[in-house]
Protein chains: 2
Amino acid sequence: MKSDLWITEKQTEDLAISFRVKKTLHEEQTDFQHLALVDTYEFGRMLFLDNCVMTSIKDEFVYHEMISLVALNTHPNPEHVLVIGGGDGGAIREIVKHPKVKTATLVEIDGRVIETSKEYLPEIAAAFDNPKVTVLVDDGIKHIQENKNKYDVILVDSTDPVGPAVGLFASDFYKNVYDALREDGIMVAQSESPFMHQDLIKGIHNDLKHIFPLVKLYLAAIPTYPTGLWSFTLASKKHDPQKVNPEDIADTNTRYYNKNIHFAAFVLPNFAAEIFK
Amino acid sequence: MKSDLWITEKQTEDLAISFRVKKTLHEEQTDFQHLALVDTYEFGRMLFLDNCVMTSIKDEFVYHEMISLVALNTHPNPEHVLVIGGGDGGAIREIVKHPKVKTATLVEIDGRVIETSKEYLPEIAAAFDNPKVTVLVDDGIKHIQENKNKYDVILVDSTDPVGPAVGLFASDFYKNVYDALREDGIMVAQSESPFMHQDLIKGIHNDLKHIFPLVKLYLAAIPTYPTGLWSFTLASKKHDPQKVNPEDIADTNTRYYNKNIHFAAFVLPNFAAEIFK
C-alpha cells in the first residue's frame with residue numbers, strides 16, 4: 001500500500017503542489033541551504049533546495065535541454081562553456097554531448113548539491129567524470145569577476161532569486177558575465193514563470209538590454225515548476241538564435257528540444273510578449 | 001488576515017495542487033456532477049466539477065482561445081460553429097468575436113454549469129446573450145446524431161474522460177461529429193496532458209485517423225491543469241491548420257493566441273511527437 005506521506009512546495013503564499021512520497025532518501029542543512037532528496041510516486045526522485053523543487057527524474061530533461069541547447073546551437077563554435085550553479089549536473093550532461101564543445105566548467109557554490117546528486121540522481125549527474133568537465137566548488141560571482149574573455153557560452157542555472165542566488169540576478173553580475181564571454185559569446189539565465197514573475201523577467205530583460213545588443217526570452221513547459229511554464233532569457237553579443245540555419249543544429253538525442261522547438265520556443269503568447277511593453 | 005482554507009485537486013493519485021480559498025461562492029450536486037465555485041487568492045474565481053479545476057478567471061483565456069481560434073482561423077469560412085460542453089461560455093465568447101461566424105450553438109448537458117457560470121463567472125459567460133448564440137441544455141451525443149452536414153467547426157469542450165464526458169471520447173461519437181460537419185468541416189477536442197495522458201492522446205488520434213484525412217495535435221500552457229501543458233486534437237476534412245496564410249488570421253484581441261502561436265502550437269517537443277510512433 002502507498003504511504004500517505006506527501007511533500008508540499010508552497011509555490012506562492014497561495015498556491016501549493018504536493019507529491020506523494022515513496023521514500024525520503026536524504027535531508028540535510030548545508031552551509032547554504034536546506035537540501036532534500038525525495039523519491040516520489042509521480043515524478044520519481046526529486047531534489048528540493050529550501051523546499052523548492054529543483055529537478056525531478058521524470059521532467060528534468062526539459063529544463064536541462066532547454067537551458068543548454070538553444071545557446072549551444074546558436075553559437076557557431078561553442079568550444080568553452082561555463083555553468084554557474086547547476087550542481088545537479090543536468091546542464092553539464094547536455095553540454096558535453098554537443099560535438100563542438102571542448103571544455104565544460106561548472107562553478108557551484110554548494111558542493112553538497114553535487115555530491116548528493118551524484119549519489120541519488122546519477123542519471124542527471126551523469127557527466128561529471130567526462131574529460132571535458134571541470135568542477136569548481138566556488139562562488140560563481142567571484143569566478144566571473146576573475147575570468148575575462150574566456151567563455152563562448154555561459155549558463156546561469158540558478159535557484160530562485162532568494163537565498164544564495166540573489167547575486168545571480170543583479171545587473172553588476174550580468175556586466176561581469178559580458179566581460180567573461182568572448183567577443184561573440186552568449187549567456188542564458190533561467191528567468192522564472194511568465195505567468196507569475198513578470199516584474200522579474202522585465203527587470204532581467206532591461207538590465208541585460210543595457211549590456212548586450214540582443215536579448216530574447218524563450219519558453220519551455222516544466223510540470224514541476226510553478227505554473228508549468230518556464231522562461232529563459234538569452235543575451236548575445238552577436239549571434240541571433242532566431243537566425244540559425246536549422247541544418248546546423250546538432251542532433252544530440254534529446255527528449256524535448258529539436259530543430260523546430262529551437263524556433264517555436266521564442267514565439268511568445270500575447271500575455272508574455274506584453275511583459276516588455 | 002488570509003484564511004488557511006485550501007481547496008485541493010488530486011490531479012492524480014500521487015499529485016495534488018492546492019489553492020488558498022478567499023471564499024466558497026457556491027456548491028451543489030447537480031443531476032450530473034458535483035459543482036463548486038470558489039474564489040481563490042492565486043487564480044481568482046474558479047469552477048470545479050467533480051473536484052477537478054475546469055477554469056479560473058486568471059488563466060481561462062489560454063484554454064478558451066486555444067480550443068476555439070486555431071480551427072476558426074483554419075477554416076476559410078467558419079459560419080456555423082458548435083460547442084459541445086463548454087457550459088462556462090468561454091469558448092462561445094471567443095467564437096462570437098470572429099468576424100465570419102454567423103451562428104454559435106452550445107449544447108451543454110448540465111444547465112447548472114451555465115446558470116452558475118453566468119452568476120459567478122460573468123467575464124467568461126459573457127456572450128450567452130449575443131444574437132449569434134443558441135444555447136441548448138441537452139445531450140451533445142444526441143445533438144450530434146440528429147444534425148447532419150450542418151456545422152463548419154465543432155469544438156468538443158469536455159471535462160476529463162470520466163463521468164458525463166466518457167461518451168465524448170468514443171470512436172462512434174467522432175464518426176457522428178464527422179457527419180455533423182459540412183464537407184470541409186473541422187473538429188477540435190481537448191485531449192489532456194501530453195506529459196501524463198499519452199495513451200488517451202494516442203487513442204483519440206488513432207480513432208480520428210480512421211475517420212478524418214487530417215489529424216494533428218497542438219499544445220498550450222495552462223497553469224491550473226495537470227502538468228501545466230495541455231493538448232488539443234484537431235481533425236479536418238480538408239483544411240490544414242499548418243497551411244493557413246498568416247495574413248488571413250483574424251485579429252480578435254487575444255491574450256494568448258496570435259498569428260505566430262497558431263503555427264508554434266503545432267511544434268511538438270520530442271516526447272510529445274513520440275506518442276504517435
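Residues numbered from 1 in each chain as written. Chains lettered and ligands numbered in written order. Predicted model: local features only at pLDDT ≥ 70, side-chain atom pairs only at ≥ 80, totals over all residues. Heavy atoms only, no water.

The test is simple: UniProt positions are given in the numbering used here, feature names are shortened, and annotations may be inferred rather than shown by experiment.
Chain A has the name Polyamine aminopropyltransferase in an unreviewed UniProt entry, where Thermanaerosceptrum fracticalcis is given as its organism. UniProt lists a comment for chain A under the heading Subunit (unreviewed entry), and it reads "Homodimer or homotetramer." What the UniProt record of chain A gives under Sequence similarities (unreviewed entry) is the line "Belongs to the spermidine/spermine synthase family."

1. Structural notes on the UniProt feature "binding site: S-methyl-5'-thioadenosine" (unreviewed entry) in chain A
Residues and elements named next belong to chain A. Keep this limit in mind: Only heavy atoms matter for contacts: two residues are in contact if any of them lie within 4.5 Å across the pair. Helix and strand assignments follow DSSP, with helices taken as H or I runs no shorter than four residues and strands as E runs no shorter than two, numbered in order from the N terminus.
Here, the residues flagged by UniProt with the feature "binding site: S-methyl-5'-thioadenosine" (unreviewed entry) are Q33, E108, D139, G140 and P164. Leaving out residues up to four positions away in the same chain, G140 has contacts with I84, V107 and F173. Mapped onto the elements of the fold, P164 is located in the loop between β9 (151-157) and α5 (171-180). Leave out the neighbours within four places in its chain, and P164 touches F32 and Q33.

2. Some remarks on the packing of helix α1 (residues 60-72) of chain B against helix α2 (residues 90-97) of chain B
All names here are of chain B. Heads up, the condition is: Orientation is described by lines fitted to C-alpha atoms, with helices fitted over the stretch in contact, and by angles between N-to-C directions that extend from 0 to 180 degrees. Should an angle fall under 35 degrees it is taken as roughly parallel, and over 145 as roughly antiparallel, whereas 65 to 115 is taken as roughly perpendicular and any remaining angle as oblique. Crossings are classed by handedness, with left-handed meaning an anticlockwise turn of the near helix from the far one by less than a right angle and right-handed meaning a clockwise turn. Residue polarity follows a fixed list, in which Ala, Val, Leu, Ile, Met, Phe, Trp, Tyr, Cys and Pro are nonpolar, Asp, Glu, Lys and Arg are charged, and the others, Gly among them, are polar.
The geometry of α1 relative to α2 is characterised by a closest axis approach of 8 Å and an angle of 45° between their N-to-C directions. Taken together, the axes of α1 and α2 lie oblique to each other. Handedness of the crossing formed by α1 with α2: right-handed. Within the contact between the two elements, α1 uses E60, F61, H64, E65, I67, S68, L69 and L72 and α2 uses G90, A91, R93, E94 and I95. Here the residues of the contact of α1 with α2 sort into six nonpolar, three polar and four charged.

3. Regarding the pattern of salt bridges
A side chain with one charge may pair with a side chain of the opposite charge, provided their charged atoms come close. All names here are of chain B. Spelled out, the test is: Any Lys or Arg side-chain nitrogen found within 4 Å of a carboxyl oxygen on Asp or Glu counts as a salt bridge. Note on exposure labels: buried denotes an accessible area under 20% of the residue type's maximum, exposed denotes more than 50%, and partly exposed covers the range between, all computed with a 1.4 Å probe on protein chains only.
Under the counting rule described, the total for this entry stands at 30 salt bridges over all chains. The salt bridge involving K58 is made with E42; its shortest N-O contact spans 3.8 Å. Taken together, the positions of K58 in the loop between β5 (52-56) and α1 and E42 in the loop between β3 (34-40) and β4 (44-49) put the pair 16 residues apart, joining distant regions of the chain. On the basis of relative accessible area, K58 is assigned to the partly exposed category, the value being 32%. The partner of R182 in a salt bridge is D152, with the nearest N and O atoms 3.6 Å apart. With R182 in strand β10 (residues 181-190) and D152 in strand β9 (residues 151-157), this residue pair connects regions lying 30 residues apart in the sequence.

4. Some thoughts on the domain arrangement of chain A
All names here are of chain A. Here is the rule we go by: An automatic or database domain assignment supplies the start and end points of every domain. Simply put, the buried area is the total loss of 1.4 Å probe accessible area from both parts when two parts are fitted together. Side-chain atoms alone can form a polar contact between residues adjacent in sequence; in general such a contact is a pair of N or O atoms within 3.5 Å, and within protein one must be able to donate a hydrogen while the other accepts it.
Domain boundaries assigned for chain A yield domain 1 (6-56) and domain 2 (60-276). Taking the mean C-alpha position of each, domain 1 and domain 2 sit 23 Å from one another. If you look at the interface, domain 1 gives 24 residues, while domain 2 gives 23 residues. Buried surface at the junction of domain 1 and domain 2, summed over both partners, amounts to about 2,000 Å²; 63% is from carbon and sulfur atoms. Our enumeration of links across domain 1 and domain 2 arrives at two salt bridges. Salt-bridge contacts for R112 lead to E28; the nearest nitrogen and oxygen are separated by 2.8 Å. The interface formed by domain 1 and domain 2 holds seven residue pairs in polar contact (both at pLDDT 80 or more) in total. Elements with a contribution of two residues or more to the side of domain 1 that touches domain 2: β1 (6-12), β2 (15-29), β3 (34-40), β4 (44-49) and β5 (52-56). The element contributing the most residues to the side of domain 1 that touches domain 2 is β2, with six residues. The residue inventory of the side of domain 1 that touches domain 2, partitioned by class, reads 14 nonpolar, seven polar and three charged.

5. Quick look at α1 of chain B
Selection criterion: Given a helix with a known number of residues, its expected span is that number minus one, times 1.5 Å. The reported bend at a residue is simply the angle between two axes, fitted to the 7 residues ending at it and to the 7 residues beginning with it.
Here α1 of chain B is 13 residues long and its end C-alpha atoms lie 18 Å apart, about the 18 Å a rise of 1.5 Å per residue gives. When the local axis directions of α1 of chain B are compared, the greatest deviation, roughly 30°, occurs at M66 of chain B.

6. Some thoughts on the interface of chain B and chain A
Contacts between chain B and chain A engage 38 residues on the former and 38 residues on the latter. Taken over both partners, the interface formed by chain B and chain A buries close to 3,100 Å², and the fraction arising from carbon and sulfur atoms is 59%. Along the contact surface separating chain B from chain A lie 26 residue pairs in polar contact (both at pLDDT 80 or more). Only β1 (6-12), β2 (15-29), α1, α7 (259-264) and α8 (270-273) of chain B provide two or more residues apiece to the side of chain B that touches chain A. Ranked by residues supplied to the side of chain B that touches chain A, first place goes to β2 of chain B with six residues.

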